[in-house]
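# Notes for the structure review
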Amino acid sequence: MTSGIFGYAPDGQAVHRLTIANGPLEAKIITWGAAIQDLRMKGHDAPLVIGYRDFADYPAHSPHLGAIAGRFSNRIRNACFELDGHIYEVEANLKGRHNIHGGSKGLGKRVWKVASTGPDFVTLATMAADGEMGFPGNLNVHCTYMLNADSTLIVRLEAVTDRPTICNLLHHSYFNLDDGGESDILDHEVKIEADAYMPVDEDLIPDGRVLPVRGTPYDFRNFRSVRYEENGEHIKYDNNFCLAASRGPLRPCASVKAARSSIRLDIATTEPGVQFYAGNTMGKDCIGLTGRPYGDHAGLCLEPQVWPGSLEYPYFPQAILRPGEVYAQTSHYTFSRG
């Protein structure tokens, strides 16, 4: 494991970059947002994820590239929720009406502390304070990244609280298995182990329905390309797919095949849902890892999570965390060739 200063946060805190390696994989993790900034596989020239070369682009422009989103990932309608009979109003950082990824100072937009390290792992820690951006409870969070010799990136997320609160964390890497984001991922082939998905409204918030994927553009039960046109327009995927009714043991979640390289990604998770986002709106002139800016669809995200909308719909898997309980999520990202 090596470490060095990658830049300085807007408040002056140093942001460190740590490098871990095992077998064919090497990852660079930054303490800003506990984000994976770079991920490489021996024998494949391009990075497997997209990230920025310069730290200043992360706080200024990053759409959570490689970061941990929370304390409540995804969207909260009207930036409020009810818990144990109390209405909590949280920061409306999406369109001035809704909350997304925990707010403007969420877990993906702050400097984490390094808790422990080794040649093939790093554990980062942070605390979201009681009342911060309107959320109840001091939430202590740990994120561990570990590389196994079998080309697997393991992501472990844990959290505890001292007051009843909500907690739904996710890892937000954007993958491009061809050329590190120089071209789009629309011809990557994706398979998602889900028979149902959740439609969303114009603000990309679930509308309460859980619909079968069969016969729809959301049917990824067998490998098919991301590219899908309907009425002459590309479907812009940003939906939760329903894997199970609750958190459980590690199980297959999704797989991705590159369009031109021989790289394949297989994901397993403990989570009941996975958000598939096709990188619809990158569109910033920040320099990426390959030395060029990223265009729209430069990378795709497959983000294990509790189903979004659970705060509105009690029949969804729930994301409530109480004192004495431990939020624990594990996801495996395994890379292979052929």
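Procedures and definitions
Residues numbered from 1 in each chain as written. Predicted model: local features only at pLDDT ≥ 70, side-chain atom pairs only at ≥ 80, totals over all residues. Heavy atoms only, no water. Pairing = 2+ DSSP bridges. Helix = DSSP H or I, 4+ residues; strand = E, 2+ residues; numbered from the N terminus. 1 Å grid on protein atoms, 1.4 Å probe; cavity = no way out; pocket = protein on both sides within 12 Å on 5 of 7 lines; lining within 4 Å. Points joined across faces, edges and corners; volume = space filled by probe spheres on them. Nonpolar A, V, L, I, M, F, W, Y, C, P; charged D, E, K, R; others polar. Buried < 20%, exposed > 50% of the residue type's maximum accessible area, 1.4 Å probe, protein only. Polar contact = N/O pair within 3.5 Å; in protein donor to acceptor, adjacent residues only side chain to side chain. Axes fitted to C-alpha atoms, helices over the stretch in contact; angles between N-to-C directions. Disulfide = S-S within 2.5 Å. Salt bridge = Lys/Arg side-chain N within 4 Å of Asp/Glu carboxyl O. Core = buried A, V, L, I, M, F, W, Y, C linked by side-chain atoms within 4.5 Å. Contact = heavy atoms within 4.5 Å.

## As for the sheet that holds strand β26 (residues 301–305)
The antiparallel open sheet is built from five strands, whose spatial order is β18-β17-β22-β25-β26. One side of each edge strand has no neighbouring strand; the edge strands of this open sheet are β18 (211–212) and β26. Two strands pair when backbone bridges link them, and strand β22 (residues 238–242) and strand β25 (residues 273–277) are joined in this way by five bridges, in the antiparallel orientation. Its bridge partner lying in β25, N239 is registered against F276.

## A few points about empty space enclosed by the protein
The tally for this structure, following the rule as stated, stands at three cavities of 30 Å³ or more. Roughly 60 Å³ of volume is contained in the largest cavity. Forming the boundary of the largest cavity are W32, A35, Y58, P59, S62, H64, L65, A67, G108 and K109. Class assignment for the residues of the lining of the largest cavity results in six nonpolar, three polar and one charged. In this structure, the second largest cavity occupies an estimated 40 Å³ of space. Together, G70, R71, G102, G106, R110, A128, E132, M133 and F135 line the second largest cavity.

## Let's talk about the environment of D11
On the secondary structure map, D11 appears in the loop between β1 (2–8) and β2 (14–22). Residue D11 is classed as exposed on the basis of its relative accessible area of 56%. As a C-alpha pair, D11 and R77 span 66 residues in sequence and 30 Å in three-dimensional space. In terms of polar contacts, D11 uses its side chain to reach the side chain of Q13, at 2.8 Å.

## So, the sheet that holds strand β4 (residues 35–41)
The four strands lie next to each other as β1-β2-β3-β4, forming an open sheet whose pairing is antiparallel. Where the open sheet ends on each side, the last strands, each with one partner, are β1 and β4. Looking at each pair of strands side by side, their axes are set apart by 20° on average, direction ignored.

## Details of the pairing of β26
Taking burial as the measure, the five residues of β26 include five buried ones, the bulk of the element. By the alternation rule, side chains of β26 split into C301, E303 and Q305 and L302 and P304, which are all buried. Where β25 meets β26, five bridges bridge the pair, whose relative direction is antiparallel. Bridge pairing in β26 places V274 opposite P304.

## Observations regarding the state of the cysteines
Under the counting rule described, the total for this entry stands at zero disulfides. Not engaged in a disulfide, the cysteine C143 finds its nearest cysteine sulfur in C167; these two sulfurs lie 12 Å apart. Counting only cysteine sulfurs, C242 is the nearest neighbor of C253, a cysteine outside any disulfide, at a range of 12 Å.

## A closer look at the layout of surface pockets
When its volume is computed, the largest pocket comes out at roughly 590 Å³. Residue lining of the largest pocket: 25 residues in total, with P63, R75, I100, H101 and Y277 positioned closest to the centre. The class makeup of the residues in the lining of the largest pocket is seven nonpolar, ten polar and eight charged.

## Quick look at the pairing of β2
In this sheet, β2 lies alongside β1 in antiparallel orientation, the contact comprising six bridges. Residue pairing in the sheet places Y8 in a bridge with A14 of β2. Once β1 ends, the chain turns through five residues before running back antiparallel as β2, passing G12 with a positive phi of about 95°. Connecting β2 to the antiparallel partner strand β3 (residues 25–30) that follows it, the hairpin turn spans two residues, and G23 within it adopts a positive phi of roughly 55°.

## Overview of the pattern of salt bridges
For side chains of opposite charge, pairing can occur when their charged atoms come near one another. Per the stated rule, a full pass over the model turns up 19 salt bridges. Salt bridges linked by common partners bring R77, D201 and E312 together as one network.

## Some details on the nonpolar core
The biggest cluster of nonpolar side chains holds 60 residues, and the ones touching the most others in it are Y145, I192, F241, F276 and F335. In contact with F335, not counting residues within four places along its chain, are L25, L39, M41, L48, D150, S151, F175, L177, I263, R264 and L265. The next biggest cluster of nonpolar side chains, apart from the first, holds 21 residues, and it includes A9, V15, L289 and Y294.

## Thoughts on the environment of E182
Considering the arrangement of structural elements, one finds E182 in the loop between β15 (170–171) and β16 (189–192). Separated by 116 residues in the primary sequence, E182 and A298 place their C-alpha atoms 6.9 Å from one another. What E182 contacts, discounting residues up to four positions off in sequence, is T290 and R292. Separated by 3.3 Å, the side chains of E182 and T290 make a polar contact.

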